[in-house]
Amino acid sequence: MENGRPKALYEPVHGSAPDIAGQGKANPTACVLSFAMALRYSFDLGAEATRIEKAVEKVLADGVRTADLLQAEGIGTRVVSMPCMELFAQQDDAYRKRILPGGAVRVAVEAAVRMGWDQWLLGERGREAKAGFVGMTGFGASAPADRLYEEFGITAQAIAQKVKSLL
């Protein structure tokens, strides 16, 4: 206990919780849900945690994910979650090469602007002809997330189309 609150440790990026069956594959859903747990149990922000959990439930219930769409067409797909660019940049070169191999199409998806993504789209053996971005094109839009994502094309279908346009 510290200041009358229980201490807690969550592993949102590394460790067994976000690891898919010990295969060394990141599980972005587990990272997001770990964050929801931290909000609920460490910061007493239950309403905020519930909103995150409901959003994850909706995505899983909808069942439409970009990788599913592309793989159904025979296009090999790998989804890389990068919750912290600074931590990724600190990893050794061999790790970054394994995660972001040269020659592959790279599309960053961000519910914000492109700023910061060019380092990973164009650097680290990336090429402009095989790099794209799906996300907001400016600041100031306000609406429920579903509507904003549809308006700005931040959908599984739009992301799959962007990938196919770069092949």
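For the structure itself, look to the data block above.
Not measured: the values here are computed from a predicted model.

Caption draft 1: Quick look at the overall build of the chain. Check the secondary structure of the chain and you find eight helices and two strands. When the elements of the chain are put in sequence order from the N terminus, they spell out α-α-α-α-α-β-α-β-α-α. Classification of the 167 residues of the chain by burial places 26% in the buried group. For the chain, contacts bridging at least 24 residues in sequence account for 50% of all contacts bridging at least 6. A total accessible area of about 11,000 Å² is found for the chain, and carbon and sulfur atoms account for 55% of it.

Caption draft 2: Highlighting the packing of aromatic side chains. All chains considered together, the criterion is met by two aromatic pairs. Their ring planes at 80° and their centres at 4.9 Å tell us that F88 and W120 sit as a pair that is edge-to-face. In this pair, F88 sits in helix α4 (residues 85-90) while W120 sits in helix α6 (residues 118-121), placing the two residues 32 residues apart along the sequence. The burial state of F88 is the same as that of W120; both residues are buried. Here a set of aromatic residues connected by ring pairs shows up, and it is made of F88, Y95 and W120.

Caption draft 3: Spotlight on unusual backbone geometry. With phi around 55°, D44 is a residue other than glycine that occupies positive phi space. One can find D44 in the loop between α1 (28-43) and α2 (46-62).

Caption draft 4: How the structure looks around the nonpolar core. Counting 11 residues, the largest nonpolar core is built from M82, M85, F88, I99, L100, A108, W117, W120, L121, A131 and F133. Put simply, the parts of the chain that give this core at least two residues each are α4, α6 and β2 (131-135). When near neighbours in sequence (up to four residues on either side) are disregarded, W120 contacts M82, M85, F88, A89, R96, L100 and R106.

Rules behind the numbers
Residues numbered from 1 in each chain as written. Predicted model: local features only at pLDDT ≥ 70, side-chain atom pairs only at ≥ 80, totals over all residues. Heavy atoms only, no water. Helix = DSSP H or I, 4+ residues; strand = E, 2+ residues; numbered from the N terminus. Buried < 20%, exposed > 50% of the residue type's maximum accessible area, 1.4 Å probe, protein only. Contact = heavy atoms within 4.5 Å. Areas by Shrake-Rupley, 256 points an atom, 1.4 Å probe, with all protein chains shown as cover. Phe/Tyr/Trp six-rings, centres within 6.5 Å; stacked < 30°, edge-to-face > 60°. Core = buried A, V, L, I, M, F, W, Y, C linked by side-chain atoms within 4.5 Å.

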